[in-house]
Structures are given as structure tokens and as C-alpha cells.
Amino acid sequence: QAVHPGYGFLSENALFANALKREGVTLIGPSAYAIRAMGDKIEAKKIAIDAGVSTVPGYMGTIANVAQAIEIAEAIGFPVIVKAAAGGGGRGMRVVNSVDAIADAFEATRREASNHFSDSRLFIEKFIEKPRHIEIQLLADQHGNAICLGERECSIQRHHQKVIEEAPSMFIDEATRQEMYTQVKMLAQKVGYYSAGTVEFIVDPNRNFYFLEMNTRLQVEHPVTELITGVDIVEEMVKVAAGMPLAMEQRDVVLKGWAFECRICAEDPSRGFIPSSGRITEYDEPPKGPNVRVDTGVGPGAEVSMFYDSMVAKLCTYDITRDKALEHMKTALGAFVVKGISHNMSFLEA
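Just so it is clear, the structure is predicted and the values come from calculations on it, not from any experiment.

A. Local environment of the sheet that holds strand E9 (residues 161–167). If you trace the 8 strands from one edge of the open sheet to the other, you get E11-E10-E7-E8-E9-E12-E19-E17, paired in antiparallel fashion. The open sheet terminates on both sides in strands that have one partner only, identified here as strand E11 (209–215) and strand E17 (292–296). Across this sheet, the average inter-strand angle for adjacent strands is 25°, counted without regard to direction. Taken together, the 8 bridges between strand E12 (residues 258–265) and strand E19 (residues 311–319) define a ladder with antiparallel strand orientation. Each residue of the ladder has a partner; that of Ala259, found in E19, is Tyr318. Strands E9, E12, E17 and E19 of the sheet are contacted by helix H9 (residues 322–335), whose axis makes an angle of about 140° with E19.

So, in C-alpha cells, the structure goes:
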């Protein structure tokens, strides 16, 4: 009766959502309209502005050529970031600090956008210096109810790809959190959003936050939110898809304790993080329990191919304090054995 698309691949594909609808199969996710509207970075930003959400200063249209890019960048003020309209996953973006670098950045980003997303449209925004990447987990039903399940701190990244995530954020205070909640709900209302979704913000050192994008799917790092709220986000997605109203209100959401997630990837940090493929000869997870959670799709004998994402497992730890959750993570990383392929666990430990 229904399909849960996971994350990646078809999870943010409006054509897939429409194909399911034609076959009378329910997508455990949002509407095709919401996927399409939020999947286009330019369109999403326009909708966010209309909804009254705080956005990064920038040019909202598609940029035709280098001359126009230079004109816009000078008007915004350097540094700026050139981005692909259909971008995501850290692809299709270049930071530019001076007018001399615009032409190269424009052409390189356009090429990357065309190759990765089959969509060469670009736009330009102000580059926020020393930013934090903070995202809010949204849960909404088909009856107009929406709640936020706290924030995740995803600032530890390598080449715009998340490496370690935590919830909650040490940086966000209660007043900022509530303000972010309000804006997330305004955006959800504007697009008639239902299911689980994540609104990503960049936050400057003064706690000013700006809308970055909305992920209309389950996030890889959703377990850290589940650990601090006690809410099973996937279960809630299934219930929402079945037409059930949310069983809780915002006041029922209590953030308790601290959680971390490490993405264990088949890549070699000692060789510039080149992807590793091959057969897993030995696979032994750390002891699981209330403080340690492992989400994976592999085991001994599994083949890690070069055709998919490099992530092989997600290791999450939880405790009442941040320091204790970190201690569990260090211990668990030390006890996790994966052989036959290169992996990044020594990098994560460091």
C-alpha cells in the first residue's frame, strides 16, 4: 500500500511521488508539490521570504552569465557563495572572495551543477562567515498540526558533508530555539507540508539565523533527535501517511539528555578520503543498549560497491550530559570492528 523512500535516491524526487500516486500507492513522505517546491533552492527561498522566514541576502533569480554574476556579487558585497539551484549534499557551490575569482567559480559551479543535477541554473548569496549549520526537525500531519522536535548541530563537516551531528546544540538558547520553531511552522504552513521534514539554517556568531534549505525527507541524522525526544520519527511518518493526526502537541516535546552520531564511511582518510570498495571480511558492532545505537545495512560478507554512497553505518550514543555521551562515543568507536575495507573510524576518534 505504501513506500518509505528512506533518504537519498528517490526520497526527494517529485516524479517518483507522482508515479506512486498514479499507481494508487501512498508515499510515506510529503506531497509531490512540497518536494518540488522545496527541492528547487531558488523557488524554496522565494517561498520562505513570502512566509516571513529570515533568509540570507542574495539574488533570487537565475543568473545568465559571468557579467551578471559580477554585477550581483558587487551589489551584495564579498564574500559571496555561488550555488546550484538544484544543489544538495555539498555539491554545486563555491565561495568567492573577490571579483577576479567570479568567472572561474561561475563556470566551475555551472559545470558541476549540470553534471550532478542535470540543471545548470545558479544563484548567488552572501557568504556568512564563521557559520554554524543548525537544523530543526519538523513533524506535521495532514490536518494542519505541526510540531518541532528540537534542533541538531551539524557544523562538523568536511567539504560541506556532515561528519558528526549532535542534538541539542550547545550554541542555541531557548529564545532562539522558539523563534526558529515559529519560522519553521510558518514555512510548513505556506507549502501545506506534512510528514517529517527538516529546515536547515545557517546561524552566525550573534545567533542571527538564515534559511538555507528544506529537506523534504527523513534525514540521515534523525536518530539523535529520536534519542533526546523519545519520538520514533519513522513511525510518525507512517502514521501521518495513513492520515492519522499527530498524537502530541508542541508542549509535549521535551528535550532530554544529549546525543551524537558518527557517520562511518568506506573511505580512506590517510589517502585524501578516497572511497573504498570491497567485501567486509569482519564486522563486529560495539555492545548496544540505552547509550549506544547502530543503524546499518551491512554485516560480515557484505559487498561495499563503488556505485552507492560511502556510508556503511551510523553510530549513535546518548546520555544525560554531553560529556557522558561523548565518552560513550569514544568507547564505542574503539570497540567497532570493520575489516576488508578502509573506513574513517580513526578520523572520527581523532
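Back to the write-up after that little detour.
B. Just the pairing of strand E10 (residues 195–203), in detail. Extensive coverage of E10 is indicated by the burial of 9 of its 9 residues. Relative to E10, strand E7 (residues 132–140) runs antiparallel, the two being bridged by 9 bridges. When the bridges of E10 are listed, Ala140 appears paired with Ser195. Bridge count between E10 and E11: 6 bridges; the pairing is antiparallel. Paired with Ile202 across the strands is Tyr210, a residue of E11. Adjacent in sequence and paired antiparallel, E10 and E11 are bridged by 5 residues, among which Arg207 carries a positive phi angle near 65°.

C. How the structure looks around the side chain of Glu236. By secondary structure assignment, the location of Glu236 is in helix H8 (residues 233–241). Within the buried set, Glu236 has no salt-bridge partner at all; the shortest N-O distance to an opposite charge, 4.1 Å, is to Lys239.

D. View of the environment of Ile202. In this fold, Ile202 is placed in strand E10. The contacts of Ile202, once residues within four sequence positions are left out, are Val56, Ile128, Pro131, Arg132, Asn208, Phe209, Tyr210 and Leu212.

E. Fine view of unusual backbone geometry. Residue Pro79 follows Phe78 across a cis peptide bond; omega there is 0°. Within the chain, His159 stands out as a residue other than glycine whose phi angle is a positive 55°. Position of His159 relative to the elements: it lies in the loop between strand E8 (146–158) and E9. Phi at His160 is positive, roughly 65°, even though this residue is not glycine. With respect to the helices and strands, the residue His160 is situated in the loop between E8 and E9. Judged by its relative accessible area of 40%, His160 falls in the partly exposed class.

The rules we used
- Residues numbered from 1 in each chain as written.
- Predicted model: local features only at pLDDT ≥ 70, side-chain atom pairs only at ≥ 80, totals over all residues.
- Heavy atoms only, no water.
- Pairing = 2+ DSSP bridges.
- Helix = DSSP H or I, 4+ residues; strand = E, 2+ residues; numbered from the N terminus.
- Axes fitted to C-alpha atoms, helices over the stretch in contact; angles between N-to-C directions.
- Contact = heavy atoms within 4.5 Å.
- Buried < 20%, exposed > 50% of the residue type's maximum accessible area, 1.4 Å probe, protein only.
- Lys, Arg positive; Asp, Glu negative; His and termini not counted.
- Salt bridge = Lys/Arg side-chain N within 4 Å of Asp/Glu carboxyl O.

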